[in-house]
Amino acid sequence: MLPIHRPRRNRKSEVIRDLVQETRLTTHDFIFPLFLIEGQNQTLEVKSMPGIHRFTADRIIDEVGQCVELGVKAFAPFPSINDALKDCLARESANPEGLYLKTVAEIKRQFPDIVLMTDVAMDPYSSDGHDGIVDAESGEILNDATLEVLGQMALAQARAGADIIGPSDMMDGRVAWIRRVLDENAFQHVSIMSYTAKYASAFYGPFRDALDSAPKKGDKKSYQMNPANKREALRELALDEAEGADMVMVKPALSYLDVIHAVKERTHLPVTAYNVSGEYAMVKAAAQNGWLDGERTMLEVLTSIKRAGADAILTYFAKEAAAVLRRG
Ligand code: PBG
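Just so it is clear, the model here is predicted, and its values are computed rather than measured.

A. Region of the structure containing the site of the ligand. Lining the immediate environment of the ligand, one finds 17 residues, of which Arg208, Lys220, Lys251, Ser277 and Tyr316 sit closest. Here Asp123 contributes a side-chain N or O atom positioned 3.2 Å from a nitrogen atom of the ligand. At a separation of 2.8 Å, an oxygen atom of the ligand approaches a polar side-chain atom of Lys198. Compared with its free state, where it exposes 400 Å², the ligand has 100% of that area covered by protein. Cavity membership is defined here by more than half of the atoms lying within 2 Å of grid points; on that basis the ligand lies in the largest cavity. Here the residues of the shell around the ligand sort into eight nonpolar, three polar and six charged.

Put into structure tokens, the structure is as follows:
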């Protein structure tokens, strides 16, 4: 009889389990997305994202302060723009006196050591709710005309103090375009985290509610990727590397762990994953119903994303997970 092989010996006590643990989550892994709104003195919960709020500029400073105390030091703010300021060219996106850029500059002034990743895409500022310019006649999303807008938006964000530019729009050639604009304006030190494989996902629903940024007509399938495709993500990866991305991202995370893994195997660049709004909402909804243990599920989700190959994780769980990890 063959002896029984006993992998369970490596699980027999907590100390041994800790010794052989392969993936360890830390607060350093997290980038915390933040929702910014106009006004003062307001903190409004996002209905479909329990525990996540939309903050006015004064309140977002307090929130960043609390997160920094917990060890979260990287943030990705997103703005909710008044409809009156939206137009078909997203002009408000480059306004240094606008809500977003003023607040980015103020956060950097108060917390010079944190990392701010700013979002480059037209949708929060676009009267069409798309990430690119919409051709008025055909309804087509115009790639090359959009690059001009993205370049100006990225430049304005760099001027406001962004550490990392995060183009989330999926237009072709945007990484090279933005890199050139930044370099020509002496922003060589500003990084680009490319949303390399961003899928046309149903999991963005709560985010679009939070920012009121859903497309007015049509969907995003002519620029965001088909959820059925993995090899196409590797093509996008090769292009982003060639165009000069400093970091690459896969988004969403949970339904795309295989894509995170494939990207990680093929690049020497840091890989990030975006654990998006709908993934957060699912866990919270089940936990509120008593159907799942919210805290354990959160840690399992985040650990699995890291195990799949993510070096960093954009997640709405960042603050809560930091508090749990600190408690130990
Ligand atoms: C848009 C953008 C989206 C998200 C981040 N940037 C939504 C979309 O593409 O429609 C989604 C993030 C989330 O769901 O948490 N540029």
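Resuming the write-up.
B. Highlighting a positive patch on the surface. Among the surface-exposed residues, Arg6, Arg8, Arg9, Arg11 and Lys12 lie close enough to one another that they form a single positively charged patch. Inspection of the secondary structure puts Arg8 in the segment before helix 1 (14-19). By relative accessible area, Arg8 is classed as exposed at 68%.

C. Region of the structure containing the layout of surface pockets. Of the voids in this model, the largest pocket is the one considered here, and its volume is about 750 Å³. The element contributing the most residues to the lining of the largest pocket is helix 10 (residues 294-308), with four residues. Taken together, the residues of the lining of the largest pocket sort by class into four nonpolar, four polar and eight charged. As a volume, the second largest pocket reaches approximately 310 Å³. Among the elements that make up the lining of the second largest pocket, the one with the highest residue count is helix 7 (residues 231-243) (four residues). Residue composition of the lining of the second largest pocket, grouped by class: six nonpolar, four polar and six charged.

Basis of the calculations
- Residues numbered from 1 in each chain as written.
- Predicted model: local features only at pLDDT ≥ 70, side-chain atom pairs only at ≥ 80, totals over all residues.
- Heavy atoms only, no water.
- Near = heavy atom within 4 Å.
- Polar contact = N/O pair within 3.5 Å; in protein donor to acceptor, adjacent residues only side chain to side chain.
- Areas by Shrake-Rupley, 256 points an atom, 1.4 Å probe, with all protein chains shown as cover.
- 1 Å grid on protein atoms, 1.4 Å probe; cavity = no way out; pocket = protein on both sides within 12 Å on 5 of 7 lines; lining within 4 Å.
- Sits in = over half its atoms within 2 Å of the grid points.
- Nonpolar A, V, L, I, M, F, W, Y, C, P; charged D, E, K, R; others polar.
- Patch = residues over 30% accessible without salt bridge, like charges linked within 9 Å, V, L, I, M, F, W, Y side chains within 5 Å.
- Salt bridge = Lys/Arg side-chain N within 4 Å of Asp/Glu carboxyl O.
- Lys, Arg positive; Asp, Glu negative; His and termini not counted.
- Charge placed at Lys NZ, Arg CZ, Asp CG, Glu CD.
- Helix = DSSP H or I, 4+ residues; strand = E, 2+ residues; numbered from the N terminus.
- Buried < 20%, exposed > 50% of the residue type's maximum accessible area, 1.4 Å probe, protein only.
- Points joined across faces, edges and corners; volume = space filled by probe spheres on them.

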